[in-house]
Protein chains: 2
Amino acid sequence: MTNMRIVLSYDGTDYCGWQRQPGKRTIQGEIEAALARIFQKSIALTGAGRTDAGVHALGQAANFKVDRDMPEAELFKALNALLPDDIRVVSLDRVPAGFNARRDAKGKIYQYRIWTSRAVSPFAVRYVLYWPYPLNVSWMRAAAALFAREGDFTGFSSNRDLPAVRSVVRSELCKKGEELVYTVEARGFLRYMVRTMVGTLLEVGRGRIPAAAIEEIFKDKKRTLASPTAPAKGLCLVKVIY
Amino acid sequence: MTNMRIVLSYDGTDYCGWQRQPGKRTIQGEIEAALARIFQKSIALTGAGRTDAGVHALGQAANFKVDRDMPEAELFKALNALLPDDIRVVSLDRVPAGFNARRDAKGKIYQYRIWTSRAVSPFAVRYVLYWPYPLNVSWMRAAAALFAREGDFTGFSSNRDLPAVRSVVRSELCKKGEELVYTVEARGFLRYMVRTMVGTLLEVGRGRIPAAAIEEIFKDKKRTLASPTAPAKGLCLVKVIY
């Protein structure tokens with residue numbers, strides 16, 4: 001058996017998320033369908049993690065095992081020829097038999113884009129949250145820094161995953177032209193965690209809650225204290241670290 | 001009567017071009033529909049020029065006249081609220097009564113993007129020609145320079161416009177990372193002219209015709225000598241100069 005790792009970019013707009021679901025258009029489903037056509041048999045794809053409906057990826061990773069040997073360049077070409085335009089294989093390489101894209105991921109980097117000027121480019125609109133209202137970026141920066149910790153993130157998730165202790169090693173907000181870009185890195189995330197953190201940062205930026213409220217949410221561990229979940233379209237899985 | 005100029009960005013992917021056509025989704029049609037809702041009457045929009053189906057714009061310009069005075073900021077907001085996400089008003093200003101977006105345009109800048117690496121980003125795929133094959137960029141650069149002239153461009157158009165003399169003041173090819181970006185500026189262009197010029201540059205880059213063949217096409221003025229028209233999706237109207 002050959003174990004192959006693929007790195008993928010996709011525009012998640014028109015998909016019901018990563019995970020295969022009967023009768024729905026999903027990223028995993030499309031790739032498995034392409035693999036099935038190439039190898040003439042069903043092949044299971046293991047993703048580094050699931051992305052929700054509407055979430056994008058610059059560098060999602062996955063692996064699959066095949067019993068037929070095919071040159072990487074040929075497989076790369078065949079996959080991209082069969083996949084829809086909005087899912088692209090960026091790279092593909094042979095990995096040791098024991099490699100598992102989910103289990104072996106050492107970290108994941110997500111970015112969330114907030115478009116703050118009143119005119120949003122039609123070329124960016126699928127990939128950003130449109131927010132042409134005042135935001136205090138200093139408050140948001142201070143709040144973002146509070147997420148960089150090992151702690152119980154129950155208050156920032158849909159509260160179905162246990163254990164809820166996660167280690168966020170990077171959490172920062174940058175201003176890039178018309179955009180605010182929030183970057184966060186952790187080995188793993190809870191469900192809706194990044195989007196709830198962004199929702200909270202927006203509440204802080206609007207002056208609805210002080211940055212210090214984040215400490216309360218960490219202590220109380222109640223989802224109800226945290227802010228609305230930010231929309232999926234602004235979120236992108238930038239990289240999976242191995 | 002107030003005369004208003006608007007600058008527009010749009011993703012042309014899902015439109016049958018600029019020009020209003022009954023029963024079809026067009027850029028002009030969408031904007032006129034939004035204006036009709038705002039002013040409760042039919043308002044004709046004059047575009048600086050027509051863009052073909054699938055062609056994009058960063059800075060298309062247009063003007064329209066209204067007999068009701070509305071603050072610019074309010075009109076800007078109302079238009080962008082009513083327009084679909086893939087058409088955005090970038091700016092809007094009052095102009096003298098005699099201003100006409102088409103007649104008064106002093107120049108137009110178009111760009112054509114050619115994606116040359118084997119993996120095209122799903123975020124760029126709607127806006128580039130995917131061309132993962134060898135191209136000789138030096139030959140293409142030399143050929144591009146030959147288009148910068150005042151001359152009869154009949155050989156590079158669909159041959160329905162007369163007179164066919166146009167004055168191209170800028171024609172250059174730049175390499176930007178994975179992309180070749182062709183930029184061309186003229187006061188006006190013939191139908192399919194930029195896309196046919198790009199098609200010709202690609203033939204030169206592939207070694208199918210020498211750059212010097214461009215001189216022949218200028219002399220012979222026969223469309224059949226020129227190369228296939230490059231696809232619409234790579235083309236973008238960057239700016240209209242007044």
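Please read all numbers here as calculations on a predicted model, not as lab measurements.

### Considering the interface of chain A and chain B
Counting residues at the interface gives 24 residues for chain A and 24 residues for chain B. Roughly 1,800 Å² is buried in total at the junction of chain A and chain B, and carbon and sulfur atoms are behind 69% of that figure. When the buried surface of chain A facing chain B is broken down by residue, Arg118, Pro122 and Phe123 of chain A rank first, second and third, together holding 35% of it. Between the two partners, chain A and chain B, sit zero salt bridges. The tally of links between chain A and chain B comes to zero residue pairs in polar contact (both at pLDDT 80 or more).

### Focus on the packing of helix 1 (residues 27–39) of chain B against helix 2 (residues 72–82) of chain B
All names here are of chain B. It is the contact of helix 1 with helix 2, at a shortest axis distance of 9 Å, that shows an interaxial angle of 125 degrees. As the angle between them shows, helix 1 and helix 2 are arranged oblique. At the point where helix 1 passes helix 2, the crossing takes the right-handed sense. Across from Ala34, Leu35, Arg37, Ile38 and Phe39 in helix 1, the residues of helix 2 making contact are Leu75, Ala78, Leu79 and Leu82. The class makeup of the residues in the contact of helix 1 with helix 2 is eight nonpolar, no polar and one charged.

### Description of the packing of aromatic side chains
Applying the stated criterion across every chain yields a total of 20 aromatic pairs over all chains. Geometrically, the ring pair formed by Tyr110 of chain A and Phe189 of chain A is edge-to-face, given 5.3 Å between the ring centres and 85 degrees between the ring planes. One end of the pair, Tyr110 of chain A, is in strand 5 (residues 107–115); the other, Phe189 of chain A, is in the loop between strand 9 (179–186) and helix 4 (193–205), with 79 residues separating them in the sequence. Its relative accessible area of 9% is what places Tyr110 of chain A among the buried residues. By relative accessible area, which is 17% here, Phe189 of chain A ends up buried. Here a set of aromatic residues connected by ring pairs shows up, and it is made of Phe147, Phe153, Phe156 and Phe218 of chain A. Residue placement shows Arg5 of chain A over the ring face of Phe99 of chain A; its charged tip is 5.1 Å from the ring centre. Over the face of the ring belonging to Phe218 of chain B we find Arg149 of chain B, whose NZ or CZ atom lies 3.8 Å from the ring centre.

### Here we look at the domain arrangement of chain A
It is common to give the size of an interface as the accessible area lost on bringing the parts into contact. Residues and elements named next belong to chain A. Split into domains, chain A comes out as domain 1 (2–95) and domain 2 (107–241). Summarising the inter-unit geometry, the C-alpha centres of domain 1 and domain 2 are found 27 Å apart. Each side of the interface is counted separately: domain 1 has 17 residues, and domain 2 has 15 residues. Each partner contributes to the roughly 1,200 Å² buried at the junction of domain 1 and domain 2, and carbon and sulfur atoms together form 53% of this total. If you sort the residues of domain 1 by the area they bury against domain 2, Asp52, Val55 and His56 come out on top, with a joint share of 40%. Our count for the contact surface shared by domain 1 and domain 2 stands at three salt bridges. Close ionic contact of Arg195 with Asp52 constitutes a salt bridge, the shortest N to O distance being 3.3 Å. In terms of residue class, the side of domain 1 that touches domain 2 is made up of six nonpolar, seven polar and four charged.

### Digging into the state of the cysteines
Counting across every chain of the model gives zero disulfides over all chains. Looking at Cys236 of chain A, it has no disulfide partner, and the nearest cysteine sulfur is the one in Cys174 of chain A, 15 Å off.

### Points about the pattern of salt bridges
All names here are of chain A. Evaluated as defined, the whole model comprises 29 salt bridges over all chains. Note that Glu179 and Arg113 form a salt bridge whose closest N and O atoms lie 2.8 Å from each other. Of this pair, Glu179 sits in strand 9 while Arg113 sits in strand 5, placing them 66 residues apart in sequence. Take Arg113: its relative accessible area is 25%, and that puts it in the partly exposed class. A network of salt bridges, in which partner residues are shared, links Asp52, Arg191 and Arg195.

Parameters at a glance
Residues numbered from 1 in each chain as written. Chains lettered and ligands numbered in written order. Predicted model: local features only at pLDDT ≥ 70, side-chain atom pairs only at ≥ 80, totals over all residues. Heavy atoms only, no water. Contact = heavy atoms within 4.5 Å. Buried area = accessible area lost by both parts, 1.4 Å probe. Salt bridge = Lys/Arg side-chain N within 4 Å of Asp/Glu carboxyl O. Polar contact = N/O pair within 3.5 Å; in protein donor to acceptor, adjacent residues only side chain to side chain. Axes fitted to C-alpha atoms, helices over the stretch in contact; angles between N-to-C directions. Helix = DSSP H or I, 4+ residues; strand = E, 2+ residues; numbered from the N terminus. Parallel < 35°, antiparallel > 145°, perpendicular 65-115°, else oblique. Left-handed = near helix turned anticlockwise from the far one by under 90°. Nonpolar A, V, L, I, M, F, W, Y, C, P; charged D, E, K, R; others polar. Phe/Tyr/Trp six-rings, centres within 6.5 Å; stacked < 30°, edge-to-face > 60°. Buried < 20%, exposed > 50% of the residue type's maximum accessible area, 1.4 Å probe, protein only. Lys NZ or Arg CZ within 6 Å of the ring centre and 35° of its normal. Domains from an automatic or database assignment. Disulfide = S-S within 2.5 Å.

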